[in-house]
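Close look at the chain arrangement
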Amino acid sequence: MATGGSLEEIAEEDALRVHWYSLLGKLLGAPPDQATLDQLRRLSGDQSEIGEAIAALAAAAAKSDPKGLDREYFDLFIGVGHGELVPYGSYYLTGFLHEKPLANLRQDMRRHGIARADDVSEPEDHIASVCEMMAGLISGAFGAPSDLAAQREFFDRHVGCWAPRFFEDLEAARSAAFYMPVGTIGRLFMAIELQGFEMAA
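Residues numbered from 1 in each chain as written. Predicted model: local features only at pLDDT ≥ 70, side-chain atom pairs only at ≥ 80, totals over all residues. Heavy atoms only, no water.

**What about the overall build of the protein?**
The helix and strand inventory of the protein stands at 10 helices and zero strands. In sequence order, the protein lays out its α and β elements as α-α-α-α-α-α-α-α-α-α. The C-alpha radius of gyration computed for the protein amounts to 16 Å, which stays within 12% of the reference 17 Å derived for 201 residues, consistent with globular compactness. Along the first, second and third principal axes, the C-alpha atoms of the protein reach 40 × 40 × 30 Å. A burial count over the protein gives 45% of its 201 residues as buried. In the protein, the share of contacts with a sequence separation of at least 24, taken over all contacts with a separation of at least 6, comes to 68%. (Helix = DSSP H or I, 4+ residues; strand = E, 2+ residues; numbered from the N terminus. Rg over C-alpha atoms; globule rule 2.2 N^0.38 Å. Buried < 20%, exposed > 50% of the residue type's maximum accessible area, 1.4 Å probe, protein only. Contact = heavy atoms within 4.5 Å.)

The following block contains the structure:
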């Protein structure tokens with residue numbers, strides 16, 4: 001799921017949301033390479049809770065290297081059999097992979113003109129994929145930017161119903177060092193998103 005779209009055509013707060021979803025999607029889709037770590041090291045945060053989590057991520061990036069993060073990512077999300085966490089909506093909602101939540105997501109993907117990338121073998125309800133989809137709906141990567149009602153419907157059906165629990169689990173995972181602040185950022189961002197949708201209703 002590529003997320004193109006022109007951020008110049010959407011409101012500043014929506015562009016910021018796109019950046020957050022895109023960052024989470026990138027970090028959860030694969031272990032970061034050296035260039036990504038170098039970018040993360042330059043982040044700085046304010047005294048807010050999410051600002052402190054950003055600073056913690058920058059500090060974790062400064063102490064990390066790609067080889068070590070390959071191992072952490074494997075232990076967390078892949079493992080032998082499966083990782084410490086199973087980052088799929090179907091699993092969080094039903095306890096099994098490839099269940100009705102995935103079929104529902106595929107139906108909504110078709111409705112929004114979202115196609116699975118040819119080089120992706122993971123089921124579409126992977127946490128990284130749904131973050132990329134949210135970024136694309138906001139930015140207009142799949143056509144015109146979706147209005148807030150359509151964004152909320154997609155969020156409620158495919159993100160908000162399980163991603164907050166996933167991020168809480170990631171924050172507390174035994175294997176998470178670099179990924180602990182990623183979990184914190186994800187948890188806080190999900191709460192901000194839900195609050196924003198409720199305020200706009």
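What follows continues from the structure just given.
**What to know about the packing of aromatic side chains**
Applying the stated criterion across every chain, the model contains 12 aromatic pairs. Ring geometry for Phe-178 against Tyr-179: centres 5.1 Å apart, planes inclined by 85 degrees, an arrangement best described as edge-to-face. Here Phe-178 and Tyr-179 have matching classes, each one buried. Through successive ring pairs, a cluster of aromatic residues spans Tyr-73, Phe-77, Tyr-92, Trp-162, Phe-166, Phe-167, Phe-178 and Tyr-179. (Phe/Tyr/Trp six-rings, centres within 6.5 Å; stacked < 30°, edge-to-face > 60°.)

**Digging into the packing of helix H2 (residues 34-41) against helix H3 (residues 49-62)**
Put simply, H2 and H3 touch, their axes get as near as 8 Å, and they point 135 degrees apart. As judged from the angle between their axes, H2 and H3 are oblique. Pair H2 / H3 crosses with left-handed handedness. Of the residues in H3, those touching H2 at Leu-37, Leu-40 and Arg-41 are Leu-57, Ala-58, Ala-61 and Ala-62. Of the residues in the contact of H2 with H3, the class split is six nonpolar, no polar and one charged. (Axes fitted to C-alpha atoms, helices over the stretch in contact; angles between N-to-C directions. Parallel < 35°, antiparallel > 145°, perpendicular 65-115°, else oblique. Left-handed = near helix turned anticlockwise from the far one by under 90°. Nonpolar A, V, L, I, M, F, W, Y, C, P; charged D, E, K, R; others polar.)

**Here's the deal with the pattern of salt bridges**
Going through the model one piece at a time under the given rule, you end up with 12 salt bridges. In this structure, Arg-111 engages Asp-108 in a salt bridge whose closest nitrogen and oxygen atoms are separated by 3.2 Å. Here Asp-108 and Arg-111 lie together in helix H6 (residues 100-112), a separation of three residues that amounts to about one turn. If you follow the salt bridges from partner to partner, you end up with Asp-108, Arg-111, Glu-153 and Arg-157 in one network. (Salt bridge = Lys/Arg side-chain N within 4 Å of Asp/Glu carboxyl O.)

**Quick notes on the packing of helix H7 (residues 127-139) against helix H8 (residues 148-158)**
At a minimum axis distance of 10 Å, the contact between H7 and H8 shows a crossing angle of 175 degrees. The angle between the axes of H7 and H8 places the two elements in the roughly antiparallel class. Between H7 and H8, the residues in contact are Val-130, Met-133, Met-134, Leu-137 and Ile-138 and Gln-151, Phe-154, Phe-155 and His-158, respectively. Here the residues of the contact of H7 with H8 sort into seven nonpolar, two polar and no charged.

**Some details on the side chain of His-112**
Tracing the sequence through the fold places His-112 in helix H6. Here His-112 is in contact with Leu-137, Phe-142, Ser-146, Ala-150 and Phe-154, once residues within four sequence places are set aside.

**Comments concerning helix H4 (residues 66-78)**
Where H4 is concerned, the buried positions are Leu-69, Glu-72, Tyr-73, Leu-76 and Phe-77. One face of H4 carries all of its buried residues, which in axial projection span an arc of 100 degrees. For H4, the elements touching its buried residues are helix H1 (12-29), H2, helix H9 (163-172) and helix H10 (179-200). For H4, the capping residue at the N-terminal end is Asp-65, with a side-chain oxygen 3.1 Å from the backbone nitrogen of Lys-67. Looking one or two places after H4, you find Gly-79, whose phi comes out positive at around 65 degrees. (Arc of directions from axis to C-beta. Polar contact = N/O pair within 3.5 Å; in protein donor to acceptor, adjacent residues only side chain to side chain.)

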